[in-house]
Structure formats: C-alpha cells, structure tokens
Amino acid sequence: MNAPDNNAPTLADGVVDWLTNGTRDERFIDNIFAQMCIRLQQAGIPLKRATLHVQINHPQWLGARMIWSEGMTGAEIARVDYDVRERPEYIGSPASEIIEGAAELRENLEQDPSLGRKHAIYGEMRAGGLTDYVAWPLYHTLGKQHVVTFATDRPGGFDDSHITALKKLLPVLALVSEIRIKNRLARTLLETYVGSHAGELILAGATRRGTGTTVRAAIMICDLRDFTKISDNWPRDDVIDLLNDYFDAMSEPIARHGGEILKFIGDGLLAIFPLRAPNACANLLLAVSEARRAMAALNERNSGTGRAPLNYGIGVHVGDVMYGNIGSSSRLDFTVIGPAVNMASRLETLTKKLGRTVLLSRDFAELVEGTRELERVGKHEVRGFSDPIELFAYHG
C-alpha cells in the first residue's frame, strides 16, 4: 500500500496558509480558533462545533476550554479548575482519553448509542443533532499536550477528505496556539509574581538593573501578629492554609480597589496605590475596611475549629518611591524603595506598641481629611526619623 501524500492538496490548504501567514497580528488564540472554524466552513468542511482544550497552569485554574459553534463569530471560553480530573464530566470524557494517550478518537453519533462510548457528552451531542465527532491531541514542545475536537451534523458524518484536511491543520494549529498560550502564560506568571502593572512594564522591556521611575503613591504594609509562634506550633499544611486564607482576605480588596501588591514577605505584604488615580488614598481605606471585615469572617470560621483569632497590623504612609529593578546581576526584584516605604514599615511596627490595628501618617491623613473618621493618636518617635510623627488610627 502506498503511503499517503502529506503534500497532496486538501480542502484546508487555504486555512493552513492563513494560519501560517495571516495571524501574526492576533494576540489571542480564542479569536484565531473561531476564525479558523469559520474559514474551514467556507472551504467546504461541514463543521458544526469545535473545541480547544488547553492547560495553562494558572494559580487558580488548570486550563481553559474554548467552544465554537456554527453562527458564532468568536469562541466561548470556560475556565477549568484543578479538581476537574475528579469530576464525572471529565472522567471517561474524550479529553481525558486523549490526555491519557489516545492518538485519535472518532465517534459515529448516528449509530445505536449502546454500541458507542459511554459518556454524557456523547448524549448531549446526539441531542444537538450532531452525527460525527473526532478528537486529536495537539502537541506542543517539551511534552505539553492539549486537545482539539471537531463535530458535524452532516448525514453520514465527515468523509475522508474532511478528516484528511482537518489532520493537515494540526501541526500548524499547534505552533500558532503554542506561541499564544506561552505569551499568555508569561503574562499570567508575571501578574502572579510581581503584579499586573509591574508585569506590563517588564513585558515592555523594563528589565535592566537599576532602571526605574519615581512614583508618588500611598504605601500600605501589613503584617500578621504572632506568626513565629503559630508556625512553631501548628502543622506545616495548616500554616500554609492559614497564610493563604489571610492573604486572600487582605489581597482581594486591595486588587479590587486599584492597589498593586508588590510582594509577600513571610507573613507580611507590601502594596501601593499610585496617586495617578484621583481617589487612591480613599480607595486604600476602602480596601482596609473590606479586609478588616474579611479577616473578621475568617476568624469566625477558624473559631469553629478551635483556632485562636488572627491579629495583624497595617502601616500607611504616602510619598515618592523609586519603582523599578533592584538586585544582583542575575536576579532582580521589581519593587519600591525609599524613605516613604520605610515610614510605612515603621508605622506597622508601632501598631503593636500603640494598640491600634491601622496607623496612618499625618501626610496620608491630610489627603483623606473630612472624608473618613480618624482617631488622632498624637506625635510619636519613629525609628530612623529624626522628628516625631503625628499619627492617626483608622477603625473603619
């Protein structure tokens, strides 16, 4: 038998050429995928439905599923949680069979259901009038594997020319999708580890040591109380869970109100609210208020398991900071430094001594004066600063 001619013309040749040469300016794989499906239809392939399943290893999601159906101009994206492999919708599904090693799945949806594979997705496709379904692995470099599927409602299903054309797409779709997925992964990792704004700057080329800019910002430093005692006496996994819950309670309000978390330092965090946003200081206090409520709810949940309440301190100041790359020749940190950061850190330390949860400097308090009720705490010596600093407590 003669081997198939991989260079023989197929219905998908124009789509292959477009994937290769016409998608350079498109950043998002979901847009490319939807346009590819439309072009396949226009080329004469009776496509009714297609999906692309990708693993992206986001901190919250294992991956994403892109679904296109006839009549759609874009693809619908659904996030996939890490625990999906334990769910009935995944166990025994086409995606699971492909990930576990199947080189191809083909299902005749017109035949008696009792003769075919058993999974809810096949019943759903039959109910939707689909007649044929095919799934293939999409191979990326270093063993990364994703899944692409195609389905039709044509009586008799796909014919040999349709399958040959779709197979010819796979290597090019793999290359095009890998570039976009890795770009998205790079962006996601930078957002996860250095924050969204710093991530954008790094992607734009701000990677040289010592480069940076001066930013006027409200600075917030938060630290957990008695963490050494907790970490010495609690099981390791409990300590990690506690820290994650605590950081969720603090971080989500900060991000929601326009703040940027620059780093987690053990049981503490450093965040800034750049004053280019007109309500930055008010937004910081809104974030503090929401974080306080979230911590109260967390402590209430923890009390049911016999855990002692978590206490914390927050120091807030405003001023100019140097925002940029600092570190060794081979390991950099994108962060902020300057006297204003040091002041916020000292105020956080003073919360213990003064018995207040949140301490604000006079410079910060002046920017929210009249809009929030503050408690005047008086002037206090602050280590590293020559003159006493007037402080205010915030209980909102």
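In the block above lies the structure referred to throughout.
Per-chain numbering applies: the sequence of each chain, read as written, is numbered from 1 onward. Where local features are concerned, this predicted model is filtered to residues with pLDDT of at least 70; where side-chain atom pairs are given and counted, the filter is 80 or more; whole-chain, interface and lining totals use all residues. As a rule here, side-chain values cover all heavy atoms of the structure and leave hydrogens and water aside.

A look at the overall build of the chain
Numbered from the N terminus, helices here are DSSP runs of H or I no shorter than four residues, and strands are runs of E no shorter than two. Check the secondary structure of the chain and you find eleven helices and 14 strands. Relative to the globule expectation of 21 Å for 396 residues, the C-alpha radius of gyration of the chain, 28 Å, shows a markedly less compact shape. Once the C-alpha set of the chain is aligned to its principal axes, its extents read approximately 90 × 50 × 40 Å. Burial classification: accessible surface area is computed with a 1.4 Å probe over protein chains only, and a residue below 20% of its type maximum counts as buried, one above 50% as exposed, and the rest as partly exposed. Here the chain holds 396 residues, and 46% of them are scored as buried. In the chain, the share of contacts with a sequence separation of at least 24, taken over all contacts with a separation of at least 6, comes to 61%. Summed over its atoms, the accessible surface of the chain is roughly 20,500 Å², and 51% of this surface lies on carbon and sulfur atoms. Asp and Glu are treated as the negative residues and Lys and Arg as the positive ones, with His and the ends of the chain left uncounted. By convention, charge coordinates are those of NZ in Lys, CZ in Arg, CG in Asp, or CD in Glu. Side chains of the chain give 44 positive and 50 negative charges; the mean places of these two sets differ by 5 Å. With the radius of gyration taken over C-alpha atoms, the globule rule is written as 2.2 Å times the number of residues to the power 0.38. In what follows, residue pairs with any heavy atoms lying within 4.5 Å of each other are defined as contacts. Where accessible areas are quoted, they stem from the Shrake-Rupley method and a 1.4 Å probe; at the residue level, only the protein chains shown are allowed to cover.

Some details on helix α8 (residues 236-256)
Every helix has an expected span of 1.5 Å times one less than the residues it contains. A rise of 1.5 Å per residue sets the reference length of α8, with its 21 residues, at 30 Å; its end C-alpha atoms lie 30 Å apart and thus fit the reference within 8%. The seven residues ending at a residue and the seven starting there each receive a fitted axis; the angle between those axes is the bend at that residue. Residue D248 marks the point of greatest curvature in α8, where the axis turns by about 25 degrees. Contacts made by the buried residues of α8 are with β7 (212-224), α7 (227-233), β8 (260-265), β9 (268-274), α9 (280-303) and β10 (312-327). A positive backbone phi angle near 90 degrees is found at G258, which sits one or two residues after α8.

A look at the packing of aromatic side chains
In summary, the pairing rule links any two rings of Phe, Tyr or Trp, Trp by its six-membered ring, whose centres are within 6.5 Å, and it sorts them by plane angle into stacked for under 30 degrees, edge-to-face for over 60 and tilted for everything else. In the structure shown here, the tally under the stated rule is four aromatic pairs. Ring geometry for Y246 and F247: centres 4.8 Å apart, planes at 35 degrees, overall tilted. Of the two residues examined, Y246 and F247, each falls in the buried class.

Details of the packing of helix α1 (residues 13-21) against helix α2 (residues 29-42)
Lines fitted to C-alpha atoms define the axes, with helix axes restricted to the stretch in contact, and inter-axis angles between N-to-C directions lie between 0 and 180 degrees. Where α1 meets α2, the closest approach of the two axes is 9 Å, and the angle between their N-to-C directions is 155 degrees. Here α1 is positioned roughly antiparallel relative to α2, judged by the angle of their axes. Regarding α1 and α2, the two cross each other, and that crossing is right-handed. In this structure, α1 contributes V15, W18 and L19 to the contact, and α2 contributes I32, Q35, M36, R39 and L40. Polar here means any residue other than Ala, Val, Leu, Ile, Met, Phe, Trp, Tyr, Cys and Pro, which are nonpolar, and Asp, Glu, Lys and Arg, which are charged; Gly is therefore polar. Its residues placed into classes, the contact of α1 with α2 shows six nonpolar, one polar and one charged. The scheme is simple: roughly parallel for angles under 35 degrees, roughly antiparallel for over 145, roughly perpendicular for 65 to 115, oblique for anything else. Note: crossing handedness is left-handed where the near helix turns anticlockwise from the far helix by less than a right angle, and right-handed where it turns clockwise.

So, the side chain of H380
Within the secondary structure layout, H380 lies in strand β13 (residues 374-380). The residues contacting H380, other than those within four sequence positions of it, are L354, P388, I389 and L391.

Considerations on the side chain of T152
Summarising the element assignment, T152 is placed in strand β6 (residues 145-152). The residues contacting T152, other than those within four sequence positions of it, are P46, K48, L130, T131, D132, G157 and F158.

Overview of the pairing of strand β14 (residues 389-394)
Of all six residues in β14, six are buried, a share of seventy percent or more. Here the rule is simple: two strands pair whenever DSSP picks up at least two bridges between them. Strand direction decides the pairing type here: strand β12 (residues 358-361) and β14, joined by three bridges, are antiparallel. Bridge pairing in β14 places S361 opposite L391. Pairing between β13 and β14: six bridges, direction antiparallel. Each bridged residue has a counterpart across the sheet, and for L374 the counterpart in β14 is Y394.

Comments concerning the nonpolar core
Take the buried Ala, Val, Leu, Ile, Met, Phe, Trp, Tyr and Cys residues and link them wherever side-chain atoms come within 4.5 Å; each set so joined is a nonpolar core. Membership of the largest hydrophobic core comes to 39 residues, with the highest contact counts inside it found for Y246, M250, L284, I314 and F364. With nine residues, α9 is the largest single contributor of residues to this core. V15, M66, A165 and L170 belong to the second largest nonpolar core, which has 38 residues in total.

Description of unusual backbone geometry
Look at L142: it is not a glycine, yet its phi comes out positive at around 60 degrees. With respect to the secondary-structure elements, L142 resides in the loop between β5 (132-139) and β6. Unusually for a residue other than glycine, D226 sits at a positive phi of about 60 degrees. Mapped onto the secondary structure, D226 falls in the loop between β7 and α7.

Some details on the sheet that holds β6
Reading across from one edge, β3-β2-β1-β6-β5-β4 is the order of the six strands in this open sheet, with antiparallel pairing throughout. Lying at the two open borders of the sheet, with one neighbouring strand each, are β3 (76-81) and β4 (105-108). Taken over all neighbouring pairs, the strand axes of this sheet differ in orientation by 15 degrees on average, direction set aside. The pairing of strand β1 (residues 49-55) with β6 spans five bridges and is antiparallel. Looking at β6, one finds that H53 is bridged to V147. Docked against the sheet, α2 engages β1, β2 (61-69), β3 and β6, running at close to 30 degrees with respect to β2.

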